[in-house]
Amino acid sequence: MFNSIWFHRLGAKTRSLVEVRHTDHDYKLSSALRDSTNLALLGGATWDATGKTSGSFKLGAERKDFDSDQREDFTSPMWEVGVTWKPRTYSVFNLTSRRAFDEGDDGASTINDWTTLATWEHEWTSRIATELKYRFSDRDYEGIGRNDDRTSYGAGVTWSPDRWVDVTLSYLRTENDSNLRSETYDRNVYLLSFDLSL
């Protein structure tokens, strides 16, 4: 993978950018016929408007060229947008949106994915913090006529009894609504994690 970004300062808190991405995919299983090259060109800007708001946006296009003549090549609009708002030093809202190609699976040549994610992180005390998240994805599986609308939402609470110990209990529910009945499902994930640092 090769990635190059050129920034140009427009003001004290704003910069424009041009980005080029090149990715070469080489599958070990030759029968997959998924060896390909992705090329993306994006233009946009980053800004830190105030001490409370910052963000970036990148707009452009992405092309996927397969080595095999048995798979169709694809070109699609691409974007990555993100905004962070900090009304307080202990409270952060994030909103991101991305449209790009993901690698195919279940027979698909590639997946044209459009995902929007919103999160809220809040520190209630020096030892207790919470996170809420919501994600929606529209996923088109190119080549097999499959389309999934995937919704996820979850919550987590982190307890920090000491500066080097974090204990997190979280829950995530995912609902996948597909035009293929066999791919429609609901999933519940419960997670207990321990984070130790020196």
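Quick look at the structure, then. (Residues numbered from 1 in each chain as written. Predicted model: local features only at pLDDT ≥ 70, side-chain atom pairs only at ≥ 80, totals over all residues. Heavy atoms only, no water.)

The next point concerns the packing of aromatic side chains. Across all of its chains, the model carries six aromatic pairs by this definition. Their ring planes at 50 degrees and their centres at 6.4 Å tell us that W47 and F57 sit as a pair that is tilted. With W47 in strand β3 (residues 36-47) and F57 in strand β4 (residues 53-66), this pair connects stretches of sequence that are ten residues apart. Residue class for W47 comes out partly exposed when judged on its relative accessible area of 26%. For F57, a relative accessible area of 30% puts it in the partly exposed group. Relative to W124, the ring of W120 has its centre 6.3 Å away and its plane inclined at 75 degrees; by these criteria the two rings are edge-to-face. For W120, a relative accessible area of 23% corresponds to the partly exposed category. Connected via pairs of aromatic rings, a cluster forms that spans W85, F93, W120 and W124. Here the basic side chain of R15 rests over the ring of F7, its NZ or CZ set 4.3 Å away from the ring centre. Against the face of Y141 rests R146, its NZ or CZ located 3.9 Å from the ring centre. (Phe/Tyr/Trp six-rings, centres within 6.5 Å; stacked < 30°, edge-to-face > 60°. Helix = DSSP H or I, 4+ residues; strand = E, 2+ residues; numbered from the N terminus. Buried < 20%, exposed > 50% of the residue type's maximum accessible area, 1.4 Å probe, protein only. Lys NZ or Arg CZ within 6 Å of the ring centre and 35° of its normal.)

What follows covers the layout of surface pockets. In this model, the largest pocket occupies a volume close to 400 Å³. What lines the largest pocket is a set of 26 residues, and nearest its centre among them are E121, T130, E131, K133 and G156. If you list the elements that add at least two residues to the lining of the largest pocket, you get β6 (91-103), β7 (110-123), β8 (128-142), β9 (146-162), β10 (165-178) and β11 (185-196). The element best represented in the lining of the largest pocket is β9, accounting for six residues. Grouping the amino acids of the lining of the largest pocket by side-chain chemistry returns ten nonpolar, eleven polar and five charged. (1 Å grid on protein atoms, 1.4 Å probe; cavity = no way out; pocket = protein on both sides within 12 Å on 5 of 7 lines; lining within 4 Å. Points joined across faces, edges and corners; volume = space filled by probe spheres on them. Nonpolar A, V, L, I, M, F, W, Y, C, P; charged D, E, K, R; others polar.)

Where β3 meets β4, twelve bridges bridge the pair, whose relative direction is antiparallel. Opposite G44, over in β4, you have K58 as the bridge partner. With twelve bridges connecting them, β4 and strand β5 (residues 74-88) associate as antiparallel partners. Bridge pairing in β5 links L59 to W79. (Pairing = 2+ DSSP bridges.)

Function cannot be read off these values alone, since they describe shape.
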